[in-house]
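What the coordinates show
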Amino acid sequence: SLTISKGAVEFKNVSFHYPESDVPVLRDLSFSVQPGETLAILGSTGSGKTSLFQLVPRLYDVTEGEVLVDGKNVMNYPIEKLRKGIGVVPQEAVLFTGSITENIGWGKEDATSDEIISAAVDAQIHETVEKLPNQYDTRVGQRGVNLSGGQKQRLSIARALVRKPKILMLDDSTSALDLKTEGKLLKALRTYSCTTFIITQKISTAMEADHILLLDDGTVEAWGTHEELLNTSPLYVKIVQS
Ligand code: DGT
Ligand code: MG
């Protein structure tokens, strides 16, 4: 039926402008990602990375072209079923006033304590939680403990992982992590075998991906592996050297 079963994603001649504007922010994007593959999305600020992301769980709808998940247009999925299969970690981590457990389990109220902890371990936040005054019962958000940007990011990743998504979308979610922690996180993510979109500024992260999409002003400047892009994209070479 109409649930995401594998996690293949295809963009077919996708263009997009926000509803309140007629300036296109994405123009004629075409690419596809197979189930379980990782796609790294690079591009300067304002190049359209977050806009591209939002089209998969239908936070916005394309203005031209099609986004397909498992070969079916996203418009044809009941939106709840579509979003259930996609774990989106937004650029700005959002915490709710409540316990760590409630924050990780948000949107998946039937999550068991083991599932919560396992997601926290994989998101590389478990050790931090263990050191908090009341561990998983510690309150965060208003009048709760203060967490660093990187800790919030990892809680937000745990929230996506606990749902065991077929498609995981990380919007610059590892920007505040040191390389060692990020390496452990990426290794843990591989055990989920989900299709992963990862917006990043770091070449070290992009190098690990199956594909790199380099966006420039809303268009595909380059597509390929790290080695391919070194040979085909002067802009990519410039980023690597910077
Ligand atoms: P970042 O996060 O600073 O690295 O930049 P990106 O690559 O995520 O860029 P994105 O997709 O947020 O913005 C692409 C263009 O779309 C940029 O010109 C700003 C514009 N834009 C972003 N969000 C909105 C919105 O909600 N409404 C309108 N009208 N324009 C938006
Ligand atoms: Mg963005």
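Residues numbered from 1 in each chain as written. Chains lettered and ligands numbered in written order. Predicted model: local features only at pLDDT ≥ 70, side-chain atom pairs only at ≥ 80, totals over all residues. Heavy atoms only, no water.

1. Describing the coordination of the magnesium ion (ligand 2)
- Protein coordination of the magnesium ion (ligand 2) is provided by T50 (OG1) and Q91 (OE1), with donor distances spanning 2.0 to 2.4 Å. One end of the pair, T50, is in helix α1 (residues 49–54); the other, Q91, is in the loop between β6 (86–89) and β7 (98–99), and 41 residues separate them in sequence.
- Residue T50 is classed as partly exposed on the basis of its relative accessible area, which comes to 25%.
- The exposure class assigned to Q91 is partly exposed, which follows from its relative accessible area of 41%. (Donors = N, O, S within 2.8 Å, 3.2 Å for Na, K, Ca; no water. Helix = DSSP H or I, 4+ residues; strand = E, 2+ residues; numbered from the N terminus. Buried < 20%, exposed > 50% of the residue type's maximum accessible area, 1.4 Å probe, protein only.)

2. Some words on the sheet that holds strand β10 (residues 195–199)
- In space, the six strands of this open sheet follow the order β6-β9-β10-β3-β11-β12, with mixed pairing throughout. Single-partner strands in this sheet number two, and they are β6 and β12 (219–224). Taken over all neighbouring pairs, the strand axes of this sheet differ in orientation by 15 degrees on average, direction set aside.
- As paired elements, strand β3 (residues 38–42) and β10 share four bridges and run parallel to each other. (Pairing = 2+ DSSP bridges. Axes fitted to C-alpha atoms, helices over the stretch in contact; angles between N-to-C directions.)

3. A few points about the environment of M75
- Here M75 lies in the loop between β5 (72–73) and α2 (79–84).
- What makes M75 partly exposed here is its relative accessible area of 44%.
- Along the sequence, M75 and E221 sit 146 residues apart, while their C-alpha atoms lie 27 Å from each other.
- If near-sequence neighbours (up to four positions away) are discounted, M75 is found in contact with R58 and D61. (Contact = heavy atoms within 4.5 Å.)

4. Looking at the site of ligand 1
- In the vicinity of ligand 1 lie 13 residues, with E20, T45, K49, S51 and Q91 positioned nearest.
- K49 places a side-chain nitrogen or oxygen 2.7 Å from an oxygen atom of ligand 1.
- At 2.5 Å from an oxygen atom of ligand 1 is found a side-chain nitrogen or oxygen belonging to S51.
- Protein contact buries 65% of the 640 Å² of open area that ligand 1 shows by itself.
- Per-class residue counts for the shell around ligand 1 are three nonpolar, eight polar and two charged. (Near = heavy atom within 4 Å. Polar contact = N/O pair within 3.5 Å; in protein donor to acceptor, adjacent residues only side chain to side chain. Areas by Shrake-Rupley, 256 points an atom, 1.4 Å probe, with all protein chains shown as cover. Nonpolar A, V, L, I, M, F, W, Y, C, P; charged D, E, K, R; others polar.)

5. Side note on the nonpolar core
- Counting residues in hydrophobic clusters, the biggest one holds 39 residues, and the most contacted among them are L42, I100, I104, L161, L168 and Y236.
- Counting residues per element, the ones that place at least two in this core are β3, α3 (100–105), α4 (113–122), α6 (149–161), β9 (167–171), α7 (179–190), α8 (203–208) and β11 (211–216).
- For this core, the element with the highest residue contribution is α6, accounting for five residues.
- Two domains each put at least three residues into this core: domain 1 (1–85 + 167–180 + 194–242) and domain 2 (92–164).
- Beyond its immediate sequence surroundings of up to four residues, I100 is in contact with V129, L132, Q135, Y136, T138, V140 and L155. (Core = buried A, V, L, I, M, F, W, Y, C linked by side-chain atoms within 4.5 Å. Domains from an automatic or database assignment.)

6. Observations regarding the sheet that holds strand β4 (residues 64–69)
- The strand order across the open sheet built from four strands is β2-β1-β4-β5, with neighbouring strands paired in antiparallel fashion. Strands with a single pairing partner mark the edges of an open sheet, and in this sheet they are β2 (26–33) and β5.
- Pairing of strand β1 (residues 9–16) with β4 involves five bridges; the strand directions are antiparallel. Bridge pairing links F11 to V67 in β4.

7. Examining the domain arrangement of the protein
- Assigned domains of the protein: these are domain 1 (1–85 + 167–180 + 194–242) and domain 2 (92–164).
- Centre-to-centre separation of domain 1 and domain 2, based on C-alpha positions: 26 Å.
- Across the boundary between the two partners, domain 1 contributes 10 residues, which contact eight residues of domain 2.
- A combined buried area of about 580 Å² lies between domain 1 and domain 2, and 63% of that area is made up of carbon and sulfur atoms.
- The largest per-residue losses of area from domain 1 upon contact with domain 2 belong to L168, S173 and L177, which jointly make up 54% of the total buried on that side.
- Counting every contact that joins domain 1 to domain 2 gives zero salt bridges.
- Where domain 1 packs against domain 2, one counts three residue pairs in polar contact (both at pLDDT 80 or more).
- At the level of elements, α2 and β9 are the ones that each hand at least two residues to the side of domain 1 that touches domain 2.
- Grouping the constituent residues of the side of domain 1 that touches domain 2 by class yields four nonpolar, three polar and three charged. (Buried area = accessible area lost by both parts, 1.4 Å probe. Salt bridge = Lys/Arg side-chain N within 4 Å of Asp/Glu carboxyl O.)

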